[in-house]
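Okay, here's what each chain looks like letter by letter:
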Amino acid sequence: MSGKVFKAKGFVDATYEGDLMASAGVKYAVGREAGSVYNEAWNGVQKNVFHHGHYFKDKIDPYKIPGDPSSGLLPRISAEVPGENGTGDNKIQAYCFRLCMTKVSENKIPITKPVGYDSTQYELLARLSEARWNEFFGKYDPIPNMKTDVNNHGPLSFDNIGMNWDYPDASYDRRKAIIKEHELYQKGLLYFMATDRRIPVSVRETMNLWGFAKDEFKDNGNWPYNIYVRESRRMSGQYVMTENDVLGKRAVPESIGMGSYTMDSHNVQRYVTSEGFVQNEGDLGVSAKQPYKIALGSIMPKPEDCLNLLVPVCVSASHIAFGSIRMEPVFMILGQSAGTIASMAIDKNKSIYDLSYDEIKI
């Protein structure tokens, strides 16, 4: 921390991490609540709940020496045993970099071996490829100018599962280390797929068709500036949005915007099942039946915590409700509402808590 002090009549914390909120002493949550906390079906641990294809459908051995637990686990498999379904924990869904890649040769920078590369980090992928290979390129979705914005797809892909659990409350230096590790993981994964002979020839050939877009992020090694922080801190504010709001099971008061996306969580952990095989846990996708309202109280701290702060990104929501709210178009809607409220409070020389909803909604 620099020790600098900033004073203003009003503040808006629009960060993905909620750093201003936390520094102001506002209460918040990290991780997954137990389902019993807000009477939710889809919060907490969700073992053997597979809403997408991002899980191990085959019986893949997790040990360095197959069949020998004493040899130790392969990299990127947790030794922790998940709790029972519906129980809470402090773990968060996986992060990744959304890479901009292209197959256009004149705009392509080939995939090369990154500094610090360790092929053993991807042994699990090699074993998976022996069983089947039909998923990895599923999220190479086309975008304008002959490029793709790649995302995680399949049981072992760009999501660096379980390697970000301490990110929300970590120091800036520790966050930099986590981000750097994620960068090495993804660059190494690309190189492994493009070169390792345990990967099917057809996959290697397909991977080598792709490269980093030469005209993107030119001052950052053609690598995205920011990691995709899908979830970090979540404020414990005046109103907590839950799955009951997203699914239309209760009326939402004082709406300041709407959401409609599926309650979506990427995998949270990779573990060993009681049968002795590797599995992912936490990947969910529960559709909202129709667009839903988002409450004013979800962007406002409790008055006893802070009187002049609005939080439109790390909103007051349960883990699974945040999985729907966390879309950038929704953040823009909530950000505009927060800016309007802050401006009105200053213009009227009032606290944000003294503004009536009738004033705000006009």
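Heads up: these notes are all about the structure in this document.

What counts, and at which threshold
Residues numbered from 1 in each chain as written. Predicted model: local features only at pLDDT ≥ 70, side-chain atom pairs only at ≥ 80, totals over all residues. Heavy atoms only, no water. Helix = DSSP H or I, 4+ residues; strand = E, 2+ residues; numbered from the N terminus. Expected span 1.5 Å × (residues − 1). Buried < 20%, exposed > 50% of the residue type's maximum accessible area, 1.4 Å probe, protein only. Arc of directions from axis to C-beta. Contact = heavy atoms within 4.5 Å. Phe/Tyr/Trp six-rings, centres within 6.5 Å; stacked < 30°, edge-to-face > 60°. Polar contact = N/O pair within 3.5 Å; in protein donor to acceptor, adjacent residues only side chain to side chain. Disulfide = S-S within 2.5 Å.

## Looking at helix H7 (residues 328–347)
Taking 1.5 Å of rise per residue, the 20 residues of H7 would be expected to cover 28 Å, and the 28 Å separating its terminal C-alpha atoms lies within 8% of that figure. Taken as a whole, H7 has its buried residues at Val-330, Phe-331, Leu-334, Ser-337, Ala-338, Ile-341, Ala-342, Met-344 and Ala-345. Seen from one end, H7 has its buried residues packed into an arc of 165°, which puts them on one side. The outward face of H7, more than 90 degrees from its buried face, is lined by the exposed residues Pro-329, Met-332, Gln-336 and Asp-347. Close packing links the buried residues of H7 with strand S1 (11–12), strand S11 (255–259), strand S16 (292–295), strand S17 (309–310), helix H6 (319–325) and helix H8 (357–361).

## Description of the packing of aromatic side chains
Scanning the entire structure with this criterion turns up 16 aromatic pairs. Ring centres 5.4 Å apart and planes at 40° place the aromatic pair Tyr-122 and Phe-192 in the tilted group. Taken together, the positions of Tyr-122 in the loop between strand S6 (108–110) and helix H2 (123–131) and Phe-192 in helix H3 (residues 172–195) put the pair 70 residues apart, joining distant regions of the chain. Note on accessibility: Tyr-122 and Phe-192 belong to one class, buried. The interplanar angle of 75° and the centroid separation of 5.7 Å between the aromatic rings of Phe-136 and Phe-137 together place this pair among those described as edge-to-face. By way of ring pairs, the aromatic residues Tyr-117, Tyr-122, Tyr-185, Tyr-191 and Phe-192 are connected into one cluster.

## What to know about the side chain of Asn-152
Tracing the chain through its elements places Asn-152 in the loop between strand S8 (147–149) and H3. In terms of polar contacts, Asn-152 uses its side chain to reach the backbone amide nitrogen of Phe-158, at 3.3 Å. From its side chain, Asn-152 meets the backbone nitrogen of Asp-159 in a polar contact 2.9 Å long. Discounting residues that sit within four places of it in the chain, Asn-152 has contacts with His-54, Lys-139, Ser-157, Phe-158, Asp-159 and His-266.

## So, the state of the cysteines
Tallied over the entire structure, the rule returns zero disulfides. The thiol of Cys-100 is not disulfide-bonded; the next cysteine sulfur, from Cys-96, is found 14 Å away. Among the cysteines around Cys-306, which has no disulfide bond, Cys-314 carries the closest sulfur, lying 15 Å off.

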